[in-house]
2 protein chains.
Amino acid sequence: MNQKLGRASMGLKEPVYIWSSASIVGTKEGQGPLGLLFDRVGEEDMFGCKTWEEAESTLQKEAVGMALDKAGLQPEEISFIFAGDLLGQSMATSFGISSFGVPLLGVYGACSTCGESLALGAMAIAGGFADRVVCVTSSHFASAEKEFRFPLEYGNQRPLSASWTVTGSGAFVLGDASFGRTGKARARITGMTVGKIVDYGLKDSMNMGACMAPAAAASLAQHFADFAVGPEEYDKIITGDLGKVGQRVLTDLLGREGYDISGRHMDCGIEIFDGESQDTHAGGSGCGCSAVTLSAYILKQLEEGNWKKVLFMPTGALLSKTSFNEGMSVPGIAHGVVMESCN
Amino acid sequence: MNQKLGRASMGLKEPVYIWSSASIVGTKEGQGPLGLLFDRVGEEDMFGCKTWEEAESTLQKEAVGMALDKAGLQPEEISFIFAGDLLGQSMATSFGISSFGVPLLGVYGACSTCGESLALGAMAIAGGFADRVVCVTSSHFASAEKEFRFPLEYGNQRPLSASWTVTGSGAFVLGDASFGRTGKARARITGMTVGKIVDYGLKDSMNMGACMAPAAAASLAQHFADFAVGPEEYDKIITGDLGKVGQRVLTDLLGREGYDISGRHMDCGIEIFDGESQDTHAGGSGCGCSAVTLSAYILKQLEEGNWKKVLFMPTGALLSKTSFNEGMSVPGIAHGVVMESCN
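The rules behind the values
Residues numbered from 1 in each chain as written. Chains lettered and ligands numbered in written order. Predicted model: local features only at pLDDT ≥ 70, side-chain atom pairs only at ≥ 80, totals over all residues. Heavy atoms only, no water. Helix = DSSP H or I, 4+ residues; strand = E, 2+ residues; numbered from the N terminus. Buried < 20%, exposed > 50% of the residue type's maximum accessible area, 1.4 Å probe, protein only. Polar contact = N/O pair within 3.5 Å; in protein donor to acceptor, adjacent residues only side chain to side chain. Contact = heavy atoms within 4.5 Å. Core = buried A, V, L, I, M, F, W, Y, C linked by side-chain atoms within 4.5 Å. Least-squares fit on C-alpha atoms with pLDDT ≥ 70 in both. pLDDT = per-residue confidence, 0-100. Buried area = accessible area lost by both parts, 1.4 Å probe. Salt bridge = Lys/Arg side-chain N within 4 Å of Asp/Glu carboxyl O. 1 Å grid on protein atoms, 1.4 Å probe; cavity = no way out; pocket = protein on both sides within 12 Å on 5 of 7 lines; lining within 4 Å. Points joined across faces, edges and corners; volume = space filled by probe spheres on them. Nonpolar A, V, L, I, M, F, W, Y, C, P; charged D, E, K, R; others polar.

Novice: Describe the side chain of B:E340, with residues and values.
Specialist: Residues and elements named next belong to chain B. Here E340 is to be found in strand 16 (residues 336-340). The exposure class of E340 is buried, given its relative accessible area of 16%. A polar atom in the side chain of E340 sits 2.8 Å from the side chain of T190. Excluding anything up to four places from it in sequence, E340 contacts A187, R188, T190, L302, K308 and K309.

Novice: I'd like to hear about the nonpolar core, residue by residue, with values.
Specialist: Counting residues in hydrophobic clusters, the biggest one holds 103 residues, and the most contacted among them are A:L174, A:I298, A:M339, B:L174, B:I298 and B:M339. Ignoring sequence-local partners within four residues, the contact set of A:I298 consists of A:I238, A:M266, A:C268, A:T293, A:W307, A:V310 and A:F312.

Novice: Could you give me a rundown of the relation of the copies chain A and chain B, with the residues and numbers involved?
Specialist: Superposing chain A onto chain B takes a rotation of 180° plus a shift of 0.0 Å along the axis, which leaves an RMSD of 0.0 Å. Both chain copies can therefore be described as sitting about a two-fold axis. When the interface residues of chain A are mapped onto chain B, 100% of them again fall at the interface, so both copies present the same face.

Novice: Could you give an account of the environment of A:R7, with specific residues and numbers?
Specialist: Considering the arrangement of structural elements, one finds A:R7 in the loop between strand 1 (3-5) and strand 2 (9-25). In contact with A:R7, not counting residues within four places along its chain, are A:Q222, A:D226, B:P75, B:E76, B:I78, B:S79, B:G101, B:V102 and B:P103. Here B:P75 takes part through its backbone oxygen, which lies 3.4 Å from a polar atom of the side chain of A:R7.

Novice: Hey, could you go over the confidence of the model for chain A for me, with residue numbers and the actual values?
Specialist: Of all residues in chain A, 99% have pLDDT values of 70 or greater, and the mean over the chain is 96. Both scores are available for the predicted complex, with the pTM at 0.98 and the ipTM at 0.97.

Novice: Kindly report on the interface of chain A and chain B, identifying the contributing residues and their values.
Specialist: Taken together, the contact pairs 64 residues of chain A with 64 residues of chain B. For the chain A and chain B pair, buried surface summed over both sides reaches about 5,100 Å², with 66% attributable to carbon and sulfur atoms. Along the contact surface separating chain A from chain B lie 4 salt bridges. Where B:K146 meets A:E326, a salt bridge forms, and the shortest distance between an N and an O atom there is 2.9 Å.

Novice: Help me get a handle on the pattern of salt bridges, residues and values and all.
Specialist: Proximity of charged atoms lets side chains of opposite charge pair with each other. Taken as a whole, this structure holds 23 salt bridges over all chains when the rule is applied. Salt-bridge contacts for B:D131 lead to A:K4; the nearest nitrogen and oxygen are separated by 3.9 Å. Linking B:D131 in the loop between helix 4 (113-126) and strand 6 (132-139) with A:K4 in strand 1, this pair reaches from one chain into another. Residue classification places B:D131 among the partly exposed residues on the basis of a relative accessible area of 37%. Overlapping salt bridges bring together A:E53, A:K146 and B:E326 as one network.

Novice: Report on the layout of surface pockets, specifying residues and quantitative values.
Specialist: Sizing a probe to match a water molecule and rolling it over the atoms shows the empty space that remains. What the largest pocket holds in volume is close to 810 Å³. Listed by contribution, the elements that provide at least two residues to the lining of the largest pocket are strand 1, strand 2 and helix 4 (113-126) of chain A together with strand 2 (9-25) and helix 4 of chain B. Within the lining of the largest pocket, the residues separate by chemical class into 17 nonpolar, 8 polar and 11 charged. Counted as a void, the second largest pocket has a volume near 220 Å³. Along its surface, the second largest pocket is lined by 18 residues, and A:K321, A:T322, B:K146, B:E147 and B:K321 are the ones closest to its centre.

Okay, here's the thing in structure tokens:
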């Protein structure tokens, strides 16, 4: 039986399998430490389009197309797409995936959206409602700066706590154990923890790591309680885009709860750029950050058996330019997905 | 067994019950034909807040609070909230429901979000992942005009095809048959159809009914095929906010597919205002329109046994001000939920 676990978690009767995935990134991500692992790196960040938003839509379209190709599937064989992005009214999604003609369930959790889409996708399959689903999220540095901060032409200075929105999209084909057409799945999903909104009242959109860390700490503590495990259960505990500042806050907050994750914590935002040479300050961020790192790096480690079990927990800052302009805080949210190696 | 039905639908092993619901609306909605049916009508449209966005957040908070009260539940007894709104980055939701401390799954489907939240909420319960969930959506005339169109102070003229965004929020407590603490459920959910994005290339944000009607037609035709039924299966086929223009387009498009819904079609946007006396032109719209009409009017009819079975299908226009400014089209989407009387 599928079951609710504790306050906020879901246990699966049968694992859900990540049968294929794909990643596409921009030039800066291609030059970063994970550059060689991505499936496709753009030659320029407009990806042949006329607007930044259209470029981001193209990222989603390419990522989904590649993931379907790798799984040997046609769009007609996909039950539902769970998709989202950071732009107002999820514009990158609306124009990115419409051509596939697949029924769409749009999701929004800021940069945690990748985790939310995988949690809901796994729920749809494990619940018996879908044969195969695709989960896809994206972000684009330039469309995000336009949506949330300053015009690029303005050339504003960025504090060291600021993160750099990743240009990229990651897509994932999920199915049950019987999917098997392509041989072996990349990994399997065995549980999920849904985050609640946590708001410590911070208002600095140039320090989103600190805004999101309390939500990550709350979701992690909830996860440990719901599954009756400790950090040692996992080879890696992977947040989405806390960056260097958020990582310290998270470690401190969890330490106070009695959990020591320092030896096994990894943050996609810290991994994706070389902060020193790439001038990205606290790290990468965005819906695309955790998605492309999961596809290119994390799933590779699980596939090769280097890691046996990880907790993937993208983090989101629930910020809009309107809320910022009205002096509101930046609440956070974080959704966790347990992934295990099929080796 | 829960099952995938046809291309885009979900069949439930056991029905999911709508145990309680609540609606709160603004002054104009309170003066409309359904005015006496809403649980709460604001004395003024700021609802005691300093900004329109904060007012919309208050609507969600009030609606959820009332729905929980009616069900005799505390927030701690709710597994998950499925919530969304029309604002950029779902701002009304982020600040509206955080105080409940319930794990949140944010959804976005423009004005179809009410249908999406109910479909996913029913999936979570029928799949065994949750005991009870809350689904809530909202819209506010003034925050929507600010987000999508012109400053209110500008006093722009509105064409007759334009719709009037409903100020309101509807919340629903869903549970399985064993919930029963309050006696009798308002209605039961027995199936869902997930819509795909349909884009006929229309670009007129002042005629969203026409933009959304093709998506409604596609989802309805898909629903009839997936469940192997015709329009006569339902006492009412209820769209969200097509308005008078969209209703004509829908009837025409479905007529070409061989489906005659003219005798049983109802549109929440047409019901909620008296277009003549209230100067609302094509009808009401927004995430709140279908939600408050469902709570106050549709569920009442099912509860009283006046209708035995309806197909509730909110419709969404996937529009943003950025996409509009960049000359993009307004794609549509529509998600359907089958609701049956418990009488």
